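Summary of structural features
Listed below are the residues making up each chain.
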Amino acid sequence: MSSTPPSPAASLRGRIPNVPFWAQILLGLVLGALLGWAAKSGDISWLSTTLGKIGDIFVQLLMLVIAPLVFFAILVSITNLRNVSNAARLATRTLMWFMITSLIAVVIGLGIGLLTDPGAGTGLTAADGAEPKKHGSWIDFLTGIVPTDIVTPFTELKVLQIVFMAVVVGVAILKVGEKAQPVLTLSHSVLELLQKALWWVIKLAPLGTLGLVGTAISTYGWNLLSKYATFTADIYVGCAIVMFGVYPLLLAGVAKVNPLQFFKGAWPAIQLAFVSRSSVGTMPLTQKVTERLGVPKEYASFAVPFGSTTKMDGCASIYPAIAAIFVAQVFDVPLEVKDYILIAFVSVIGSAATAGLTGATVMLTLTLSTLGLPMAGVGLLLAIDPIVDMMRTATNVAGQSVVPILVASREGILDREAYATADGSRLEDGESRVDAQPQPVAA
């Protein structure tokens, strides 16, 4: 009895070890740090340029699909809610937990800032800062949600306006019913294509990590951290307390699940968020690990895209709280109790202003303008932003996965067996995050 010999591709796969995704990311991070240090210390310009190009191409690939991905992900997530019982209650509780965890995060940020005085003794002055070109204000935030046309939000990547249009179209599809079925089918297909394309980009994350981390170190070096040492440490400590303290307590106390298992399953998304600095760019992977952790696909396809544009414990809570204290101390502006309450209010209500994009400048300008602090303070923090943004975004993404688990557990729809066996290292690029054949829309 003869047997078919294995193909060359199969033989090659058998000889090449299957390196876990998290290990690939870690390797890219270590190599990037070493190459960045070598480029900085040896003044090797071509190496710095090469690292910069690698990082830029990776980010550009992520950004290329963000606008259509947000639109179709939100649209499909709205229509998917019809397949979930008590959809309104699920959406309400999701938003409630978003606000609760944001409030906890901003309180932690304020506490750390008040204890450490991050702006004291830095040697920075008003002359070191520059007022940003774009400010965030409540009027701009509220009026900026509604687009003036359907093209500009996509060409200028105005995520809040894209979300607004997606919600309108999603609700309209539900209201129109069966006649809108071709549009819904097309939307599912386009989303599948976008997720597949973005997954290919995600596979390049180890290489992107090498370029982004290497560029940060070769550009800024370690000397920059001296003036911002306390501020940087505050951000990392605050995010670590939320990610490794608050979230595990909520998982254990509210969801009644093992917190260590959460990190085992969600770690690939947290790692990608750390290096990519984009919650939206990480969204397909975040949704995938959330589903692997036992959250039903119909609910996860709503909660994760929604969270990727509004759930920002790192960028919209911890960071603006500590940054506001930093700016106030540099410019010698005393803050009162009412100012700290305003910071908490802005963080909980205005977190959608960050819109899941790289950086949190809009949120910071919104906070500073609300407090009446000098906008030039934003310029003081731009130099250090790439370094602190990595930890902020990782915290964002961790929270975007934690909240659906909390809600699903409280609603009795969490697959606890799937949660207990989730393993992020076994992620496969072919797994779909949406139904291949969407169910007909009821009239």
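Just so we're clear, the structure is a prediction, and the values are computed from it rather than from any experiment.

**Quick look at the overall build of the protein chain**
- Looking only at helices and strands, one finds 21 helices and zero strands in the protein chain.
- Looking at the 443 residues of the protein chain, the share that counts as buried comes to 54%.
- Expressed as a percentage of contacts within the protein chain between residues at least 6 apart in sequence, the contacts between residues at least 24 apart total 86%.
- With the model as given, the accessible surface of the protein chain reaches about 19200 Å², and the carbon-plus-sulfur share is 66%.

**Things to note about unusual backbone geometry**
- Phi at Asp43 is positive, roughly 50 degrees, even though this residue is not glycine.
- The residue Asp43 is located in the loop between α2 (21-41) and α3 (45-64) in this model.
- In the Ramachandran plot, Asp117 falls in the positive-phi region, its phi being about 50 degrees despite a non-glycine side chain.
- Within the secondary structure, Asp117 sits in the loop between α5 (87-116) and α6 (138-143).

**Re the UniProt feature "transmembrane region" (unreviewed entry) in the protein chain**
- Here, the residues flagged by UniProt with the feature "transmembrane region" (unreviewed entry) are residues 21-39, 59-82, 94-115, 159-177, 198-223, 235-255, 340-357 and 363-384.
- Segment residues 235-255 splits into 90% helix and 0% strand. End C-alpha atoms: 27 Å apart.

**Considerations on the nonpolar core**
- Phe231, Phe262, Leu381 and Ile405 are the most contacted members of the largest nonpolar core, which totals 116 residues.
- Considering every element that reaches this core, the biggest residue donor is helix α20 (residues 385-410), with 13 residues.
- When near neighbours in sequence (up to four residues on either side) are disregarded, Leu381 contacts Tyr228, Phe231, Tyr319, Ala323, Phe326, Val327 and Leu364.
- Counting residues in each nonpolar core, the second largest holds six residues, with Cys315, Ala316, Val346 and Leu366 among its members.

**Considering helix α16 (residues 314-330)**
- The terminal C-alpha atoms of α16 lie 22 Å apart, and with 17 residues this matches the ideal 24 Å at 1.5 Å per residue to within 8%.
- Taking burial as the measure, the 17 residues of α16 include 16 buried ones, the bulk of the element.
- Phi turns positive one or two residues past the end of α16, at Asp332, with a value near 55 degrees.

**Examining a nonpolar patch on the surface**
- A surface patch of nonpolar side chains, amounting to about 500 Å² of accessible area, comprises Leu26, Leu27, Val30, Leu31, Leu34 and Leu35.
- Assessed through its relative accessible area of 37%, Leu31 is described here as partly exposed.

**Details of the packing of aromatic side chains**
- Considering all chains together, one arrives at ten aromatic pairs under this definition.
- Consider the rings of Phe71 and Phe154, whose centres lie 5.8 Å apart with planes at 65 degrees: the pair is edge-to-face. Of this pair, Phe71 sits in helix α4 (residues 66-80) while Phe154 sits in helix α7 (residues 152-155); the two residues are 83 residues apart in sequence, bridging distant segments of the chain.
- Look at Phe71 and you get buried, because its relative accessible area is 12%.
- Here Phe263 and Trp267 contribute two aromatic rings whose centre-to-centre distance is 6.4 Å and whose plane-to-plane angle is 65 degrees, an arrangement assigned as edge-to-face. Of the two residues, Phe263 and Trp267 are both situated in helix α13 (residues 259-276); the distance of four residues between them amounts to about one turn of the helix.
- Take Trp267: its relative accessible area is 30%, and that puts it in the partly exposed class.
- Three or more aromatic residues joined by ring pairs form one cluster here, namely Tyr228, Phe231, Tyr319 and Phe326.
- In this structure, Arg392 is placed above the aromatic ring of Tyr319, and the distance from its NZ or CZ to the ring centre is 4.1 Å.

**Focus on α4**
- Across its 15 residues, α4 extends 20 Å between first and last C-alpha, which sits within 8% of the 21 Å expected from 1.5 Å per residue.
- In terms of residue burial, α4 counts as a mostly covered element, since 14 of its 15 residues are buried.

**A look at the pattern of salt bridges**
- If you walk through the whole model with that rule in mind, you get five salt bridges.
- In this structure, the salt-bridge partner of Lys338 is Asp339, at a minimum N-O distance of 3.5 Å.
- With a relative accessible area of 7%, Asp339 lands in the buried category.
- A cluster of three or more residues bridged by salt bridges with shared partners is formed by Arg89, Arg93 and Glu411.

**As for the environment of Ser276**
- Turning to its location among the elements, Ser276 is positioned in helix α13.
- Between the C-alpha atoms of Ser276 and Gly55, which are 221 residues apart in sequence, the distance is 9.1 Å.

**Here we look at the side chain of Asp389**
- With respect to the helices, strands and loops of the structure, Asp389 is situated in helix α20.
- Since its relative accessible area comes to 0%, Asp389 is described here as buried.
- Polar contacts involving the side chain of Asp389 include one to the side chain of Arg392, which spans 2.7 Å.

**Looking at the state of the cysteines**
- Summed over all chains, the structure comprises zero disulfides.
- The closest cysteine sulfur to the non-disulfide-bonded Cys239 is located on Cys315, 8.0 Å from its own sulfur.
- The class for Cys315 is buried, based on a relative accessible area of 2%.

What counts, and where the lines are drawn
Residues numbered from 1 in each chain as written. Predicted model: local features only at pLDDT ≥ 70, side-chain atom pairs only at ≥ 80, totals over all residues. Heavy atoms only, no water. Helix = DSSP H or I, 4+ residues; strand = E, 2+ residues; numbered from the N terminus. Buried < 20%, exposed > 50% of the residue type's maximum accessible area, 1.4 Å probe, protein only. Contact = heavy atoms within 4.5 Å. Areas by Shrake-Rupley, 256 points an atom, 1.4 Å probe, with all protein chains shown as cover. UniProt positions renumbered as here; feature names shortened; annotations may be inferred. Core = buried A, V, L, I, M, F, W, Y, C linked by side-chain atoms within 4.5 Å. Expected span 1.5 Å × (residues − 1). Patch = residues over 30% accessible without salt bridge, like charges linked within 9 Å, V, L, I, M, F, W, Y side chains within 5 Å. Salt bridge = Lys/Arg side-chain N within 4 Å of Asp/Glu carboxyl O. Phe/Tyr/Trp six-rings, centres within 6.5 Å; stacked < 30°, edge-to-face > 60°. Lys NZ or Arg CZ within 6 Å of the ring centre and 35° of its normal. Polar contact = N/O pair within 3.5 Å; in protein donor to acceptor, adjacent residues only side chain to side chain. Disulfide = S-S within 2.5 Å.

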